[in-house]
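Fold and geometry: a report
Each chain, written out:
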Amino acid sequence: RMDLSHYASGQAALLRVCANTSAMAQFLPQDLADFQQLSPDTRLVLDEQWSEAGAQAVRASKADMAIVLPGPWTEGLHTLPYRQDRLAAVFRQGEAPTGERLHLADLAGRDLVALEDRSSMMRLLAEQVATSGQPASIVAKVKSFEAVCRLVQVGRGVGLLPMRAAQAFEAAMGLDVVALADPWAQRRMLICVRPGALPPALQALVDHLSDAAQRSNY
């Protein structure tokens, strides 16, 4: 009650932020930590959600902001560029193919380990597999990046994950992470808010994340 009364009095702001798993595993924690240093009176409540669910939460006023991947779920909401990531293949150490560039087609015939179907990454991969006409042998669909890497570590197949997220497990699990060279494998993330004028604290957070993205060339 004391904590809530502090925010109700207007002395501080409470912002609810949804973010997809890729953003949470790669860029967003540091960006929010930097914002918190600059705005200690703003309390951030984070909720990890798939992109579609995050956008729906903003639309329903259950969240003030979401970090999402582009898709039909952003229709009617205001979006700004945030950051980019690239998908990568994850191999057991020493098992990555030789060559300067790796494409999804190069993994044809291999067992693949990936995230569950609700993830934006899996939807993108499904589209690319359908376009290429090459069947994909997905032997496991899991809910977390760590679970993908763990299955790769024990020899269940080749993982498909955002590159920087996979690199966080690379050394500890004895993995090799190789970026996919396909143009579609580079993905844009968006800041997503309701249209119209924003409260000052929320506008400050939007500006901070936009500036962070520009400093990193998105």
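Residue indices follow the written sequence of each chain, beginning from 1 at its first position. Residue-level local features of this predicted model are given only where pLDDT is at least 70; pairs of side-chain atoms are given and counted only at 80 or more, and the full residue set underlies all totals for whole chains, interfaces and linings. The side-chain numbers reported here are obtained from all heavy atoms of the structure, hydrogens and water having been left aside.

Burial classes follow relative accessibility: with a 1.4 Å probe on protein chains only, a residue under 20% of its type's maximum area counts as buried, one over 50% as exposed, and anything between as partly exposed. Secondary structure is summarised from DSSP: a helix means a run of H or I of at least four residues, a strand means a run of E of at least two, and numbering begins at the N terminus for each. Listed as buried for helix α4 (residues 51–59) are Ser51, Gly54, Ala55, Ala57 and Val58. All buried residues of α4 fall inside an arc of 155 degrees around its axis, so they share one side. Contacts are residue-level and defined by heavy atoms, with any inter-residue pair within 4.5 Å sufficient. Along its buried surface, α4 packs onto β1 (13–19), β3 (65–68), α5 (120–132) and β9 (186–193). Directly beyond the C-terminal end of α4, a positive phi value near 65 degrees is found at Ser61. In this context, the arc is that of the directions from the helix axis out to the C-beta atoms.

Take the buried residues of types Ala, Val, Leu, Ile, Met, Phe, Trp, Tyr and Cys, join any two whose side-chain atoms come within 4.5 Å, and each joined set is a nonpolar core. Formed by 34 residues in total, the largest nonpolar core has its most connected members in Leu107 and Leu160. Residue contributions to this core peak at 5 residues, all from strand β4 (residues 78–92). Not counting chain neighbours up to four residues away, the residues in contact with Leu107 comprise Ala89, Phe91, Leu102, Leu112, Val158 and Leu160. By size, the runner-up hydrophobic cluster in this structure holds 22 residues, among which are Leu69, Met189, Val206 and Ala213.

pLDDT is defined as a per-residue confidence score from the predictor, taking values between 0 and 100. Residue-level pLDDT values for the protein average 88, and 93% of them are 70 or greater. The least confident element of the protein, judged by mean pLDDT, is helix α1 (residues 2–8) at 51; the most confident is β3 at 96.

Here is the key point about a regular strand: its side chains alternate between the two faces of the sheet. In terms of burial, strand β5 (residues 111–115) is a largely internal element, 4 of the 5 residues being buried. In this sheet, strand β7 (residues 158–162) lies alongside β5 in parallel orientation, the contact comprising 2 bridges. Within β7, the position partnered with Leu112 by the bridge is Val158. At least two DSSP bridges between two strands are needed for those strands to be called paired.

Tracing the chain through its elements places Glu116 in the loop between β5 and α5. For Glu116, a relative accessible area of 14% gives the class buried. Sequence spacing of Glu116 and Val142 is 26 residues, and the spatial spacing of their C-alpha atoms is 5.2 Å. When neighbours within four sequence positions are excluded, Glu116 is seen to be in contact with Trp50, Met122, Lys141, Val142 and Lys143. Whenever two N or O atoms come within 3.5 Å, that pair is a polar contact, provided that in protein one can donate a hydrogen and the other can accept it, and provided that, for residues adjacent in sequence, both atoms are side-chain atoms. Here Trp50 takes part through its side chain, which lies 3.2 Å from a polar atom of the side chain of Glu116.

Here Arg83 shows up in strand β4. The class of Arg83 is buried, set by a relative accessible area of 12%.

Further remarks concern unusual backbone geometry. Phi at Ser61 is positive, roughly 65 degrees, even though this residue is not glycine. Relative to the assigned elements, Ser61 resides in the loop between α4 and β3. Residue Ser61 is classed as partly exposed on the basis of its relative accessible area of 39%.

The next point concerns the side chain of Gln128. Tracing the backbone shows Gln128 in helix α5. When sequence neighbours within four positions are dropped, the list of residues in contact with Gln128 reads Leu104 and Trp184.

Whenever a carboxyl oxygen of Asp or Glu lies within 4 Å of a side-chain nitrogen of Lys or Arg, that contact is scored as a salt bridge. As enumerated under the stated definition, the model contains 5 salt bridges in all. For Asp31, the salt bridge identified is with Arg83, shortest N-O distance 3.0 Å. Of this pair, Asp31 sits in helix α3 (residues 28–38) while Arg83 sits in strand β4, placing them 52 residues apart in sequence. According to the relative accessible area criterion, Asp31 is buried, its value standing at 5%. A salt bridge links Glu95 to Arg92; the shortest N-O distance between them is 3.4 Å. For Arg92, a relative accessible area of 32% gives the class partly exposed.

Turning our eyes to something else, we now look at helix α7 (residues 163–173). Listed as buried for α7 are Ala165, Ala166 and Met173. Buried residues of α7, viewed axially, fall in a sector of 85 degrees; they line one side. Opposite the packed face of α7, turned more than 90 degrees from it, sit the exposed residues Ala168 and Ala171. Tucked inside the fold, the buried residues of α7 contact α2 (21–26), β4, α6 (145–153), β7 and β8 (175–179). In the stretch just after α7, Gly174 is the one whose phi turns positive, near 65 degrees.

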